[in-house]
Amino acid sequence: MRWGVLILLWFAAASSALAQENALQADFRGERSRLDEACGTLSFKAAGGCAEELFTDHPLHMTVGSIAPQDGFGFGPAFVAHLTPSESWRLSWDSDAVVSTNASWRAGGYMKIIHTPVQTIHVSIPAPLSPGEASRQTRKPAKKAPVNLVHPYTVFNVYAQGISLNKVNYFGEGNNSTLGGASVFGMTQTIVGGNAIKPVYEWPALSKLNLALLGEMNGRFVNVKGESGQSVPSIQTLYDEATAPGLASQPGFLQMGEGVRMKPVLFEDHLQLNYLANFEEFFAPSNSHYSFLRWTIDLNHTLNFYSHSPSYEPKDTNGPDECATALGAITCPPIPYTRNLNGSVGVRLLISESIHSARSAVPFYFQQTLGGSDVNGSSSLASYQDYRFRAPNLLLLRGSFEHSIWGPLGFTLTAEEGRVTQNRGDVAFAHLKHSFATGLTVRAGGVPMVYVMFAWGGPEGHHNIFNMNTALLGGSARPSLY
């Protein structure tokens with residue numbers, strides 16, 4: 001019955017759009033046809049394909065995911081549309097809205113402007129050989145290195161997103177905070193802005209590095225509120241402005257950032273690197289006490305066991321509600337039901353430091369965290385509680401192993417060490433917290449990645465984690481909340 005209701009709702013939305021939006025006619029007609037084919041026969045065997053269409057197809061689909069740690073599982077509609085005004089430009093729109101099981105919510109609109117210039121392919125014809133040179137040529141042609149005629153695209157992103165979280169943990173600042181300092185707060189944040197990704201491919205020596213320049217500008221508007229009715233006290237009953245900077249006032253921020261990203265692929269796709277260096281400025285025009293700077297170095301290394309292993313990295317040309325395999329593609333990758341083995345080992349080093357004057361402070365809601373998962377849903381020191389350690393400066397070391405079991409199901413094992421510090425000079429490879437985790441991962445076509453983990457190793461016990469990403473597999477990330 002539920003499947004039938006969902007399909008009827010999809011058909012009704014499609015019929016309405018056909019009457020009003022001629023530009024979307026083909027997309028809605030195609031989706032209606034695919035839904036009819038996938039969900040026409042309701043059986044256990046067909047349930048997987050029907051669910052895949054409902055949660056990944058376009059222009060309309062359902063969006064699901066863990067909205068934020070401690071804030072439940074979100075459900076809602078998503079809309080995706082594309083426009084190609086010329087050979088040199090491609091536009092796409094994503095919009096979605098979800099409400100979670102604890103009444104937290106997120107809603108946003110995301111636009112991509114992709115530059116797709118027509119590339120001129122130059123063909124060189126060698127000069128004819130003299131009779132003497134021709135006689136010296138061997139019959140076996142010399143091997144030539146393949147010429148890569150494809151380059152990454154320049155992408156501009158414009159977005160507006162609002163989020164309201166009803167439960168975020170706060171244990172105080174620093175690596176030595178205790179469980180006795182546990183408190184909770186609620187937060188809303190509105191982000192309006194944009195960013196740009198400019199690949200550097202003009203010089204052959206740099207094109208092999210897959211180098212890109214990054215830039216962004218955002219307006220951030222935060223409101224922190226106390227929360228009652230929880231198992232731990234509200235934040236304002238245990239902390240004040242001195243112990244939780246930013247609790248007394250949350251001014252508007254202008255955040256600007258610039259960075260460099262390098263993603264070379266080495267040894268025939270077996271070794272993949274993802275290096276990021278980023279510098280950000282947070283300006284609070286109405287209260288400079290909260291202005292600060294932050295730099296980040298994030299070094300990811302992935303060693304694939306098999307040359308055919310697929311890449312699950314987010315694609316710059318996809319929105320968060322898209323999972324197309326390439327620019328211009330319509331469908332998401334199919335759910336893998338094969339015996340092909342996929343496996344990798346990963347190593348990550350993350351260092352982030354904040355810079356501010358002696359008379360200013362980094363607001364606690366913009367400080368990065370270690371423990372469980374952070375406000376963006378990224379896991380770190382998983383055996384600890386969510387948001388367990390919070391401070392302006394952070395160091396994280398992570399080793400991971402993942403291997404397929406069957407089809408979309410995989411096994412993973414991670415080991416992590418890290419610390420947060422209130423002073424930049426204390427960031428060092430000493431007195432690190434540690435944690436281990438193991439569990440299952442599910443990467444099913446374009447459906448958001450799911451992982452179920454059991455974590456242990458820290459002195460505060462173990463932690464069970466269930467998470468579903470907020471973006472489709474292969475979709476780009478949403479704006480960071482810090």
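Parameters at a glance
Residues numbered from 1 in each chain as written. Predicted model: local features only at pLDDT ≥ 70, side-chain atom pairs only at ≥ 80, totals over all residues. Heavy atoms only, no water. Helix = DSSP H or I, 4+ residues; strand = E, 2+ residues; numbered from the N terminus. Contact = heavy atoms within 4.5 Å. Areas by Shrake-Rupley, 256 points an atom, 1.4 Å probe, with all protein chains shown as cover. 1 Å grid on protein atoms, 1.4 Å probe; cavity = no way out; pocket = protein on both sides within 12 Å on 5 of 7 lines; lining within 4 Å. Points joined across faces, edges and corners; volume = space filled by probe spheres on them. Nonpolar A, V, L, I, M, F, W, Y, C, P; charged D, E, K, R; others polar. Pairing = 2+ DSSP bridges. Phe/Tyr/Trp six-rings, centres within 6.5 Å; stacked < 30°, edge-to-face > 60°. Buried < 20%, exposed > 50% of the residue type's maximum accessible area, 1.4 Å probe, protein only. Salt bridge = Lys/Arg side-chain N within 4 Å of Asp/Glu carboxyl O. Polar contact = N/O pair within 3.5 Å; in protein donor to acceptor, adjacent residues only side chain to side chain. Expected span 1.5 Å × (residues − 1). Arc of directions from axis to C-beta. Core = buried A, V, L, I, M, F, W, Y, C linked by side-chain atoms within 4.5 Å. Disulfide = S-S within 2.5 Å.

Let's talk about the overall build of the protein chain
Each helix and strand in the protein chain was counted, giving 6 helices and 19 strands. A separation threshold of at least 6 residues defines the contact pool for the protein chain, and within that pool the share at least 24 residues apart is 67%. With an accessible surface of roughly 24100 Å², the protein chain has 61% of that area assigned to carbon and sulfur atoms.

Overview of empty space enclosed by the protein
Under the defined criterion, the tally for this structure stands at 3 cavities of 30 Å³ or more. Here the largest cavity defines a volume of roughly 90 Å³. Lining the largest cavity are Val168, Phe185, Met187, Tyr365, Gln367, Gln368, Thr369, Asp374, Val375, Tyr387, Arg390 and Tyr482. Within the residue set of the lining of the largest cavity, elements represented by two or more residues are strand E6 (183–200) and strand E13 (368–370). A breakdown of the residues in the lining of the largest cavity according to their chemical character gives 7 nonpolar, 3 polar and 2 charged. For the second largest cavity, the calculated volume is near 40 Å³. With 3 residues, the top contributor of residues to the lining of the second largest cavity is strand E1 (residues 60–66). Here the residues of the lining of the second largest cavity are counted per class, giving 7 nonpolar, 2 polar and 2 charged.

Some details on the pairing of strand E10 (residues 271–283)
In terms of strand pairing, strand E8 (residues 253–262) meets E10 through 9 bridges, oriented antiparallel. Counterpart to Met256 in the pairing with E10 is Glu281. Two successive antiparallel strands, strand E9 (residues 265–266) and E10, enclose a turn made up of 4 residues, where Phe267 displays a positive phi of approximately 55°. Sheet topology places E10 next to strand E11 (residues 292–304); 12 bridges connect them, and they run antiparallel. By the bridge assignment for E11, Tyr275 is matched with Leu299.

A look at the packing of aromatic side chains
For the structure on display, the rule yields 16 aromatic pairs. Ring plane angle 50° and centroid distance 5.3 Å describe the contact between Phe282 and Phe366, whose orientation is recorded as tilted. Highlighted residues: Phe282 in strand E10 and Phe366 in the loop between strand E12 (343–355) and E13, separated in sequence by 84 residues. Taking the relative accessible area as the measure of exposure, Phe282 reaches 0% and is therefore buried. What makes Phe366 buried here is its relative accessible area of 0%.

Re the pattern of salt bridges
According to the stated counting rule, one finds 10 salt bridges in the structure shown. Its salt-bridge partner being Asp57, residue Arg34 comes within 2.9 Å of it at the nearest N-O pair. Here Arg34, found in helix H2 (residues 25–39), pairs with Asp57, found in the loop between helix H3 (44–56) and E1; they are 23 residues apart in sequence, far enough to count as distant. Looking at Arg34, the relative accessible area reads 24%, which means it is partly exposed. Note on Asp57: relative accessible area 6%, which makes it buried.

Considering the pairing of strand E3 (residues 89–100)
Bridge count for strand E2 (residues 73–86) against E3 is 9 bridges, and the pairing is antiparallel. Each bridged residue has a counterpart across the sheet, and for Ala78 the counterpart in E3 is Asp96. Where E2 folds back on E3, the antiparallel hairpin that results is connected by 2 residues. Across 11 bridges, the pairing between E3 and strand E4 (residues 105–115) is antiparallel. For Ala97, the partnering residue across the bridge sits in E4 and is Ala107. The loop that links E3 with its antiparallel partner E4 comprises 4 residues; one of these, Ala103, has a positive phi angle of about 75°.

Points about the environment of Ser379
Mapped onto the elements, Ser379 comes out in the loop between E13 and strand E14 (389–391). Sequence separation between Ser379 and Thr369 is 10 residues, and the spatial gap between their C-alpha atoms is 9.9 Å. Each residue touching Ser379, except ones within four places of it in the same chain, is listed here: Gly372, Ser373, Arg398, Glu416 and Tyr451. At a separation of 3.5 Å, a polar atom in the side chain of Ser379 contacts the main-chain carbonyl oxygen of Gly372.

Some remarks on H2
Relative to the 21 Å expected for 15 residues at 1.5 Å per residue, H2 spans 21 Å between its end C-alpha atoms, a close match to the ideal helical length. Among the residues of H2, Phe28, Gly30, Glu31, Leu35, Ala38 and Cys39 are the ones counted as buried. Across the axial projection of H2, the buried residues extend over an arc of 160°, all falling on one side. Along H2, the residues that are exposed and aim more than 90 degrees away from the buried face are Ala26 and Glu37.

Side note on the layout of surface pockets
Empty space within the second largest pocket amounts to approximately 300 Å³. Lining the second largest pocket are 26 residues; nearest its centre among them are Thr56, His58, Ile330, Thr331 and Cys332. Of all the secondary structure elements, the ones that give two or more residues to the lining of the second largest pocket are H3, E2 and E3. The leading source of residues in the lining of the second largest pocket is H3, at 3 residues.

Regarding the nonpolar core
Counting residues in each nonpolar core, the largest one holds 31 residues, and the members touching the most others are Phe185, Phe364, Tyr365 and Phe366. Elements represented by at least two residues in this core include exactly strand E5 (154–170), E6 and strand E7 (211–226). The element best represented in this core is E5, accounting for 5 residues. Core analysis: the second largest hydrophobic core is formed by 9 residues, Leu370, Phe389, Leu394 and Val420 among them.

Here we look at the state of the cysteines
Disulfide: a covalent bond formed between the sulfur atoms of two cysteine residues. Summed over all chains, the structure comprises 2 disulfides. With a sulfur-sulfur separation of 2.0 Å, Cys39 is cross-linked through a disulfide to Cys50. On the S-S bond that ties Cys39 to Cys50, the torsion sits near 105°, and the link is right-handed. A residue pair is termed long-range when its members are at least 10 positions apart, and Cys39 in helix H2 and Cys50 in helix H3 qualify at 11 residues. According to the relative accessible area criterion, Cys39 is buried, its value standing at 4%. Assessed through its relative accessible area of 2%, Cys50 is described here as buried.

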